[in-house]
Amino acid sequence: MAAPWEDVLRDTAAIREAALVAVDAALLAGVLMRTEGRPNASEVVNYAPFTLLPSAVPRALFEQAYAVQQDFNLLVDAISQNKEFLEHTLASTIKVDDFTAQLFRIYMQVLEEGLAQSVFLGINRSDYMFDRGVDGTPALKQIEINTIAASFAGLTSRTVAVHGQVLKVLGKSEEASRLLPNNPSKGLALGIAKAWELYGSPSAVVMFLVEEVQRNIFDQRCVENELWNRNIRVIRKRFRDVFEKGSLDDARRLYMDGQEVAVVYYREGYVPQNYDQQNWEARLLLERSRAVKCPDIATQLAGTKKVQQELSRPGMLEKLLPGRTEAAARIRATFAGLYSLDTGEEGDKTVAAAIADPDRFVLKPQREGGGNNLYGEELRQVLEKIRDSPERTSYILMDKIKPQPAMNYLLRAHSPLEVSECISELGIFGVYVRRGKEMVMNKAAGHLLRTKAIEHADGGVAAGVAVLDTPYLV
Ligand code: ADP
Ligand code: MG
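Residues numbered from 1 in each chain as written. Chains lettered and ligands numbered in written order. Predicted model: local features only at pLDDT ≥ 70, side-chain atom pairs only at ≥ 80, totals over all residues. Heavy atoms only, no water.

### Remarks on the overall build of the protein chain
1) Next: If you tally the helices and strands in the protein chain, you get 17 helices and 21 strands.
2) Next: A compact globule built from 474 residues would reach a C-alpha radius of gyration of about 23 Å, and the protein chain, at 22 Å, matches this within 12%.
3) Next: A separation threshold of at least 6 residues defines the contact pool for the protein chain, and within that pool the share at least 24 residues apart is 74%. (Helix = DSSP H or I, 4+ residues; strand = E, 2+ residues; numbered from the N terminus. Rg over C-alpha atoms; globule rule 2.2 N^0.38 Å. Contact = heavy atoms within 4.5 Å.)

Quick look at the structure:
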């Protein structure tokens, strides 16, 4: 998978020059983040971390990832409508994991009342690594699918121009011209716009539900701007604002400050720290409403790691996607080994195997946002501690994916410029809109490549570990 710039990697003078150009190009292109010190002010901003050079990605695997995205969209949508599956799959998890349990309670409560929502919008990102097989051939293996608040569609849309310029500065114009255009922020906005239109109230707004700490605001603004360009009004609110000013009318239309809301796009609400009692109440109010939630709570549950693990059981995909054998096969081809830790013989065997050979596996709790998984010695210690406790069912176990590393420079403010051994994770954005039973839109909307130094087992861009990258197909 060698990229054609191995030759320049050790030309330190050329690299230094290119890095200066790269940082200015990123600032000019809007590859921006607020600073850690002032996460809620735009007076001082910096560039979001990114690789100096695009990373090589095998073309066949890149195309495979795009080709399976519509299947994943259908699958997530099917799971979100399958109460029996969600109930059965999450039964053991919700006994021990309070966060999933609380989401599940709201899910059941909303179903009991009857859904007011009739238009559904899914925005997800399916993430993969390229697993190196015994014979050295890389294979596309899914890490996870994110069904809520999947980020970086905005910033990644602006990164490709930066990498193009860097390649030109390094005398690689021909290669620069081969970088693929990529604009997932537009793809996401088209989905939101379609849902807004089908909601059918031209004066209603789109509400971005945002966190208290908004360091990644520019990524969201890219999507927002695409909506304003289509004359769709966008407001940004926190759970706290919804608790104080949100209300439903008799038809369960959602109002904020007297303004009707057509679409709620969550960039918040995916980790326990996002919630206190009032925020849970706000979430319930939103879920009960007629507004299009992206995602609704069922779709959020469809993205849990426990669901991912259950999908890998033989016959499960075929059951969830009746009559779509080929789609099921395409999806299954991307699965790594996934194992349940539920109480019983199967779980006992899994625990024993993981304790015997921890480096083969990753132990995952039902959490999002990076930095939660356990590896190696730590994995072994935790499993030994909880092997006889129901607590183990709050985790799933997964085969560890081992990609071939490649050399690159990770550009990060206030960090020295040095070459690192890196691995990459490819994400494909999926967007779909359903009205009642009818699928109105189902698309792959663009991609995101994130790269990190191999010494970090875990963590994404927001967690300060991975950086933005651009695929160079080989
Ligand atoms: P999160 O919801 O926290 O993003 P992920 O499942 O994406 O959880 O895991 C976080 C990170 O851990 C990934 O971005 C990847 O770098 C690493 N990781 C997760 N699963 C695996 C795996 N099976 N093999 C190797 N690395 C993994
Ligand atoms: Mg992830």
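### Considering the environment of Ala-18
1) Next: Along the polypeptide, Ala-18 turns up in helix α1 (residues 12-29).
2) Next: Classification of Ala-18 as buried rests on a relative accessible area of 0%.
3) Next: Remark: the alpha-carbon pair of Ala-18 and Leu-170, spanning 152 residues in sequence, is separated by 6.8 Å.
4) Next: Each residue touching Ala-18, except ones within four places of it in the same chain, is listed here: Leu-52, Val-166, Val-169 and Leu-170. (Buried < 20%, exposed > 50% of the residue type's maximum accessible area, 1.4 Å probe, protein only.)

### Side note on the site of ligand 1
1) Next: Around ligand 1 sit 21 residues, and of these Glu-144, Lys-364, Gly-370, Glu-425 and Lys-452 come closest.
2) Next: One of the side-chain nitrogen or oxygen atoms of Tyr-375 is found 2.9 Å away from an oxygen atom of ligand 1.
3) Next: Here Asp-399 contributes a backbone N or O atom positioned 2.9 Å from a nitrogen atom of ligand 1.
4) Next: Class assignment of the residues belonging to the shell around ligand 1 gives a composition of 7 nonpolar, 4 polar and 10 charged. (Near = heavy atom within 4 Å. Polar contact = N/O pair within 3.5 Å; in protein donor to acceptor, adjacent residues only side chain to side chain. Nonpolar A, V, L, I, M, F, W, Y, C, P; charged D, E, K, R; others polar.)

### Quick notes on the nonpolar core
1) Next: Counting residues in each nonpolar core, the largest one holds 69 residues, and the members touching the most others are Leu-52, Leu-121, Leu-188, Ile-192, Leu-227, Val-263 and Leu-468.
2) Next: With 8 residues, the top contributor of residues to this core is helix α8 (residues 184-199).
3) Next: With near-sequence residues (within four places) excluded, Leu-468 lies in contact with Val-31, Ala-48, Pro-49, Phe-50, Thr-51, Phe-152, Leu-155, Thr-159, His-163, Leu-448, Leu-449 and Val-461.
4) Next: Judged by nonpolar contacts, the second largest core, of 64 residues, contains Phe-85, Ala-291, Leu-317 and Ala-328. (Core = buried A, V, L, I, M, F, W, Y, C linked by side-chain atoms within 4.5 Å.)

### Quick notes on α1
1) Next: With 18 residues, α1 should reach 26 Å at 1.5 Å per residue; the first-to-last C-alpha distance of 25 Å fits that figure.
2) Next: Within α1, the full set of buried residues consists of Ile-15, Ala-18, Ala-19, Val-21, Ala-22, Val-23, Ala-25 and Ala-26.
3) Next: Buried-residue contacts for α1 involve β2 (45-47), β3 (50-51), α6 (153-169) and β17 (406-411).
4) Next: Positioned one or two residues after α1, Gly-30 has a phi angle of 90 degrees, which is positive. (Expected span 1.5 Å × (residues − 1).)

### Quick word on the UniProt feature "binding site: Mg(2+)" (unreviewed entry) in the protein chain
1) Next: Under the feature "binding site: Mg(2+)" (unreviewed entry), the UniProt entry names Glu-144, Asn-146 and Glu-368. A stretch of 225 residues holds the annotated residues, and the largest C-alpha distance among them is 10.0 Å, short enough that they meet in one place.
2) Next: Here Glu-144 shows up in strand β6 (residues 138-146).
3) Next: With a relative accessible area of 13%, Glu-144 lands in the buried category.
4) Next: Once residues lying within four places of it in the same chain are set aside, the contact partners of Glu-144 are Arg-125, Ser-126, Asp-127, Lys-305, Gln-308 and Glu-368.
5) Next: Considering the arrangement of structural elements, one finds Glu-368 in the loop between β14 (361-365) and β15 (374-375).
6) Next: A polar atom in the side chain of Glu-368 sits 3.3 Å from the side chain of Lys-305. (UniProt positions renumbered as here; feature names shortened; annotations may be inferred.)

### Quick look at the pattern of salt bridges
1) Next: Evaluated as defined, the whole model comprises 36 salt bridges.
2) Next: Residue Asp-399 pairs with Arg-360 through a salt bridge whose shortest N-O separation is 4.0 Å. Of this pair, Asp-399 sits in strand β16 (residues 395-399) while Arg-360 is found in the loop between α16 (345-356) and β14, placing the two residues 39 residues apart along the sequence.
3) Next: Because the salt bridges share partners, they merge into one network encompassing Lys-306, Glu-310, Arg-313, Asp-342 and Glu-346. (Salt bridge = Lys/Arg side-chain N within 4 Å of Asp/Glu carboxyl O.)

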